[in-house]
Amino acid sequence: GVLGFGKWDIRKFIEKGQRAEFIRYVDQVYIKALDMMKGRVTRDGVPVTQFVVVYDMDGLSMRTLTSYTALDTILETLKRFEANHPETMKRGYVVNATAVFTMLFALVKPLLSQRTFGKIDVFGFNSNKWKPVLLEAIPSDILPVCLGGNNVSSVINNGKRDKRTILQRLNSMNPGFKSLRVKAGETIPLEINVSTPDTVLSWEFQTENHDIGYSIFYEGKEEVVPFSRVDSQLKEVKGSIICRHPGRYVIAFDNTYSRLRAKSVLYKISLSTKMIEDPTSMMY
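Residues numbered from 1 in each chain as written. Predicted model: local features only at pLDDT ≥ 70, side-chain atom pairs only at ≥ 80, totals over all residues. Heavy atoms only, no water.

A. Highlighting the side chain of Thr77. Among the secondary structure elements, Thr77 is positioned in helix α4 (residues 68-84). A distance of 2.6 Å separates a polar atom in the side chain of Thr77 from the backbone oxygen of Ile74. Beyond its immediate stretch of four places on either side in the chain, Thr77 contacts Phe22, Ile23 and Val26. (Helix = DSSP H or I, 4+ residues; strand = E, 2+ residues; numbered from the N terminus. Polar contact = N/O pair within 3.5 Å; in protein donor to acceptor, adjacent residues only side chain to side chain. Contact = heavy atoms within 4.5 Å.)

Structure, rendered in structure tokens:
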């Protein structure tokens, strides 16, 4: 795969409150790569279990490095890769490495295992050096023309840009997740209509940099799940209840205790008629 990392305006995502979405998007890129390998074999009949990735750093600027949160976000995606997918990368090639990348790589290097570090080759802007190397690792009909291959249909060659937001791309790979922004001093209620008795109402969410409060009400007044202020910026919050009674349930994201900070929430809510065996689940 080819990732135009240098042209990703990570700082812009952060400033729009989309840090969580960006991290999840990068996670999903690797998961999608694993899914694409399932059932595939090489020309020699060997199962495909690893991928080759090219990181194009052209366009990477100091704008990214001068943002602490943007830099922390990059490091977080790397930590998650090392924790979950280190053996799936066969080879990584960095091309068009700028002076800014050199500074970034110095910060990243301590987080890489020796095994992962040994799989990465870094090249500058001299394409005469890295094009032959890429062609040895990647079939020419897959590699874009601008990187030395014959793939003329690649959007990289055509100069087209995917104008979808990170959230839209994420949802295309992992449907069901949505985002909302809860302003300081605000509560946002999400209405869920339950029509069948014994329906399981499940939720999962996380926030960007700060905690948030949430609670669940039945018919807008009876508190089913008491208010709780959770550290959802540290780990994903999950839960479920068994709705014995049909009706209108409301999940309220509460930021009334904050006077200054808005909270960006990435969430997923689902209903199921299948009973669950979760001892932490509640009934109503």
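B. Spotlight on the packing of aromatic side chains. Within the structure shown, the criterion is met by 11 aromatic pairs. Arranged with centres 6.0 Å apart and planes meeting at 20 degrees, the rings of Phe105 and Phe117 form a pair that is stacked. With a gap of 12 residues between them, Phe105 in helix α5 (residues 99-108) and Phe117 in helix α6 (residues 114-117) connect regions that are remote in the sequence. With relative accessibility at 18%, the residue Phe105 sits in the buried group. In this structure Phe117 comes out as partly exposed when scored by relative accessible area, which is 25%. An aromatic cluster is defined as three or more aromatic residues linked by ring pairs; in this entry it consists of Trp203, Phe205, Tyr214, Phe253 and Tyr267. We note Arg24 situated over the ring of Phe177; from NZ or CZ to the ring centre the distance is 4.1 Å. (Phe/Tyr/Trp six-rings, centres within 6.5 Å; stacked < 30°, edge-to-face > 60°. Buried < 20%, exposed > 50% of the residue type's maximum accessible area, 1.4 Å probe, protein only. Lys NZ or Arg CZ within 6 Å of the ring centre and 35° of its normal.)

C. Structural detail: empty space enclosed by the protein. The full count for this structure, using the stated rule, is 2 cavities of 30 Å³ or more. In terms of lining residues, the largest cavity is bounded by 23 residues, among which Phe5, Tyr30, Tyr55, Met57 and Leu78 are the most central. Counting only elements with at least two residues in the lining of the largest cavity, the list comes to α2 (19-37), α4, β3 (89-95) and α5. Of the residues contributing to the lining of the largest cavity, the split by class is 21 nonpolar, 2 polar and no charged. Approximately 40 Å³ is the volume attributed to the second largest cavity. Considering the residues around the second largest cavity, the lining is formed by Trp203, Glu204, Phe205, Tyr214, Ile251, Phe253, Tyr267 and Ile269. Among the elements of the structure, β7 (199-207), β11 (247-254) and β12 (263-272) are those that each provide at least two residues to the lining of the second largest cavity. The element contributing the most residues to the lining of the second largest cavity is β7, with 3 residues. (1 Å grid on protein atoms, 1.4 Å probe; cavity = no way out; pocket = protein on both sides within 12 Å on 5 of 7 lines; lining within 4 Å. Points joined across faces, edges and corners; volume = space filled by probe spheres on them. Nonpolar A, V, L, I, M, F, W, Y, C, P; charged D, E, K, R; others polar.)

D. Just α5, in detail. Inspection of α5 places Val100, Phe101, Leu104, Phe105 and Val108 among the buried residues, and these make up the whole buried set. Along α5, the residues classed as buried sweep out an arc of 135 degrees about the axis, all on the same side. Turned more than 90 degrees from where α5 packs its buried face, Ala99, Thr102 and Ala106 sit exposed. Check the buried side of α5 and you find it contacts α3 (62-65), α4, β3, α6 and β4 (120-122). (Arc of directions from axis to C-beta.)

E. The arrangement of the sheet that holds strand β9 (residues 222-230) in detail. In space, the 4 strands of this open sheet follow the order β6-β11-β8-β9, with antiparallel pairing throughout. Looking along the sheet, the strands with just one partner apiece sit at the ends: β6 (187-194) and β9. Neighbouring strand axes in the sheet, compared pairwise and without regard to direction, differ in orientation by 15 degrees on average. Both strand β8 (residues 212-218) and β9 contribute to a ladder of 6 bridges, which runs antiparallel. Each bridged residue has a counterpart across the sheet, and for Ile216 the counterpart in β9 is Val225. (Pairing = 2+ DSSP bridges. Axes fitted to C-alpha atoms, helices over the stretch in contact; angles between N-to-C directions.)

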